[in-house]
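Here is what each chain is made of, one letter per residue.
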Amino acid sequence: MKKRLGIVTSSKDVGIEYKRQLYNVFKDKIEVTTYAFETNNVQSITNIDAILISTYSQYEVLKKYIDNRVEIIISKLTLSKESFDLLKNFKIDKTAMLVNLSLEMCIETMALLYQLGFDNYELVPVYPNMGELPKSSIAITTGEMRYVPKTANRVLDLGHRLIDKNTIVEIAASLNLEDILSEKRILEYFETLVAYNKGVEFLISRSNSLKNQFNTLLSIMKKGVIGVNKNCVIESCNGHAMKIIGADHSYIGCNARQVLPQIGFDDFFETKKPVKNKLIELNGKYITMSIFPIGVVSSGEILEVTDGAYAIIESFESQENTQNMLRLQLANKGHVAKYSVDNIIGKSKAIKEVRKLVVRMANSKSAVLITGESGTGKELVAQAIHNASPIRDKHFVAINCAAISPNLLESELFGYESGAFTGALKSGKMGIFEFANNGTLFLDEIGEMPMELQARLLRVIQEKEVMRVGGNKIIKIDVRIVAATNRKLYKQVEKGLFRKDLYYRLNVLPINLPPLRDRIEDLEVLIELFKNQNQCSFDISDEVMDFLKKYKWDGNIRELINCIEFFDNIGVDCITMRHLPHHMEEYYKKKIKKIDLENISDLNEKQSFVLKLFYEAFLNRAKLGRRSISQKAFENKMHITEYDVRGILNELKELGYINVELGRGGSTITKKGIEVIGKEK
């Protein structure tokens, strides 16, 4: 089934252009519907899985028309590499008009151009129905030639801006289409886009004329930058570079050949060719390094190296961390809640009540405590609460208090300052509370949290402020707390293993998830759901289904999922009792098959009926055969075939209630069977 994406733009034509771009990227995986303020159809937005909008101000207008469970994505745009090259070669003296649909879109486009390095001239916004037009005769537009003033005698049309990589990834994640991000057409599309770091390279190529601006850029960049002149003398070196190379004094004025021979400026000046993403070892650390020349530029190419070069360096470990975070997001396992109320499946009264509670509690800012046995879906419910809340577009950060050692848990939750303990990062580290600011923090297995940390957690929740380990600065935070535990938390309080004040602080809005055995009417619905999700084609016999409804399900939903996966992998069309996993087979032998021999109420309806017939036959000194049992069942409006009778007789025989004899002797009730009937009477 295709995923449904809505696009909202100011202009109908822009929406059609974005639709074209997205169909080129996602092909037949999505169905796109466009809405435009120009055509006044934004009030009819329905039946979509996610929506792409141009600006935040549009969201403020649209939010009353959009279901709060629909994912909202604000598009980020960039230029094509072709447009980037056109702009670099377009001569502008001082000012140029930037023409677009509205003031807001003009400002967005101007910000993009400045970010890409084109900040050596002034751009003046021009849009429909504005007042006095600027006097400039030069105009730049992104596909909006119809709004270019007639006074412009030189016009550069860069074409419509393109949807950037991050937005494509957000759309794919929102529609659960992450798998296609590695396909060839996606990578080819990404190759047509100009990356934002192109702006850094462009600034470097003309650093002489932008000396002051570039020095500012160096100070705020998160990568290390080292600049040398044509004699290889270091003229600039930002703070990040000093940290990466581990320098304790300034290298400015030193010869790079002598103090930093590993970077390889010598080889660069010999070949005059840029170096990109080379891995080197410097002072015992692996570093990625690129070198860009400063010289005469034409059509984006360096014709002559005249003024030296710049090296951009970055810690390899830092790059790995960044990549890992991106992979987590692509896998939808990062700080994103992927489940909603619709994922809480079941028709039982208990689960319907859970869904109602989730919707009601989502709109509150109070703490939620989710209790339930292991495998009942506590994190799913936590994510559903977040996605039904007003902060669903913020971070959902989950941490398992039992999975992290007590020594590390404190620093993970609250962060730490530089030098707080042995092995701490020199730059310090942001804690989970800071990272989840303005979003939801899910504390799983809260009952496992050490007592000494419970006091700190209580203060953070009460005061809405946190202090890093080894720090002295108070950091204000605003976090929605959702906690979960499979323990009887109040009993932990009574035993002195959990703070009473923290328990009451967390247990403001309680939700208890019923175990699967208490909502067994949901079993068949869940089995069909998991079969469809895993594209399973097997059937389950009535006998097995009857057993599954009597099974204890200690592992709850998680165990059911494992069971379905087991059935799918044994490769049979119909699951019978002989296909049960070993642990279920053992349970059947001990608990189901060997019913309490002292209580006939443990027999099912058909077994009980047949045993009573044998008791009556004993009293009347009559014989009883399979055909007569089936006939009497029919007379009592009960459907039992002769084949069914054979199975029931074997079951009663194994329980010791009847003797089954071959030939004329037939089957008879035993002393134990008579005693059981007598007790029932």
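This text goes with the structure placed above it.
The structure contained in this document is the topic of the report that follows. (Residues numbered from 1 in each chain as written. Predicted model: local features only at pLDDT ≥ 70, side-chain atom pairs only at ≥ 80, totals over all residues. Heavy atoms only, no water.)

## Some thoughts on empty space enclosed by the protein
Across all of its chains, the model carries one cavity of 30 Å³ or more by this definition. For the largest cavity, the calculated volume is near 60 Å³. Considering the residues around the largest cavity, the lining is formed by V14, Y18, L77, N100, M105, T142, E144, H160 and R161. Each residue belonging to the lining of the largest cavity can be placed in one class, and the counts come to four nonpolar, three polar and two charged. (1 Å grid on protein atoms, 1.4 Å probe; cavity = no way out; pocket = protein on both sides within 12 Å on 5 of 7 lines; lining within 4 Å. Points joined across faces, edges and corners; volume = space filled by probe spheres on them. Nonpolar A, V, L, I, M, F, W, Y, C, P; charged D, E, K, R; others polar.)

## Re unusual backbone geometry
The phi torsion at N438 lies on the positive side, around 75°, for a residue other than glycine. With respect to the helices and strands, N438 occurs in the loop between α16 (432–435) and β18 (440–444). A relative accessible area of 40% places N438 in the partly exposed class. At E445, a residue that is not glycine, the phi angle is positive and equals roughly 55°. (Helix = DSSP H or I, 4+ residues; strand = E, 2+ residues; numbered from the N terminus. Buried < 20%, exposed > 50% of the residue type's maximum accessible area, 1.4 Å probe, protein only.)

## Quick notes on helix α26 (residues 642–654)
Between its first and last C-alpha, α26 extends 19 Å over 13 residues, near the 18 Å set by a 1.5 Å rise per residue. All of the buried residues along α26 are V645, I648, L649 and L652. Burial along α26 is one-sided: seen end-on, the buried residues are contained in an arc of 105°. The exposed set on the far side of α26, more than 90 degrees from its buried face, consists of Y643 and E654. (Expected span 1.5 Å × (residues − 1). Arc of directions from axis to C-beta.)

## Details of the sheet that holds strand β6 (residues 95–99)
Judged by pairing direction, the sheet is parallel, and its four strands sit side by side in the order β7-β6-β8-β9 without closing on themselves. Among the strands making up the open sheet, the edge pair consists of β7 (122–126) and β9 (154–157). Ignoring which end each strand starts from, the neighbouring axes of this sheet average 25° apart. In this sheet, strand β8 (residues 138–141) lies alongside β6 in parallel orientation, the contact comprising three bridges. Counted as the bridge partner of M97 is A139 from β8. Seen against the sheet, helix α4 (residues 103–115) touches β6 and β7 and runs at an angle of roughly 160° to β7. (Pairing = 2+ DSSP bridges. Axes fitted to C-alpha atoms, helices over the stretch in contact; angles between N-to-C directions. Contact = heavy atoms within 4.5 Å.)

## Some words on the packing of aromatic side chains
In total, this model carries 12 aromatic pairs according to the counting rule given. Residues Y490 and Y503 carry aromatic rings whose centres are separated by 5.6 Å and whose planes lie at 55° to one another, so their mutual orientation is tilted. With a gap of 13 residues between them, Y490 in helix α18 (residues 489–494) and Y503 in helix α19 (residues 500–506) connect regions that are remote in the sequence. Look at Y503 and you get buried, because its relative accessible area is 12%. Consider the rings of F547 and Y588, whose centres lie 5.9 Å apart with planes at 85°: the pair is edge-to-face. In this pair, F547 is assigned in helix α21 (residues 542–550) and Y588 in helix α23 (residues 582–593), connecting sequence segments 41 residues apart. Here F547 falls in the buried class, since its relative accessible area comes to 2%. (Phe/Tyr/Trp six-rings, centres within 6.5 Å; stacked < 30°, edge-to-face > 60°.)

## Topic: the environment of N507
Position of N507 relative to the elements: it lies in the loop between α19 and β22 (509–512). N507 sits 24 residues away from A483 along the chain, and the two C-alpha atoms are 8.8 Å apart.

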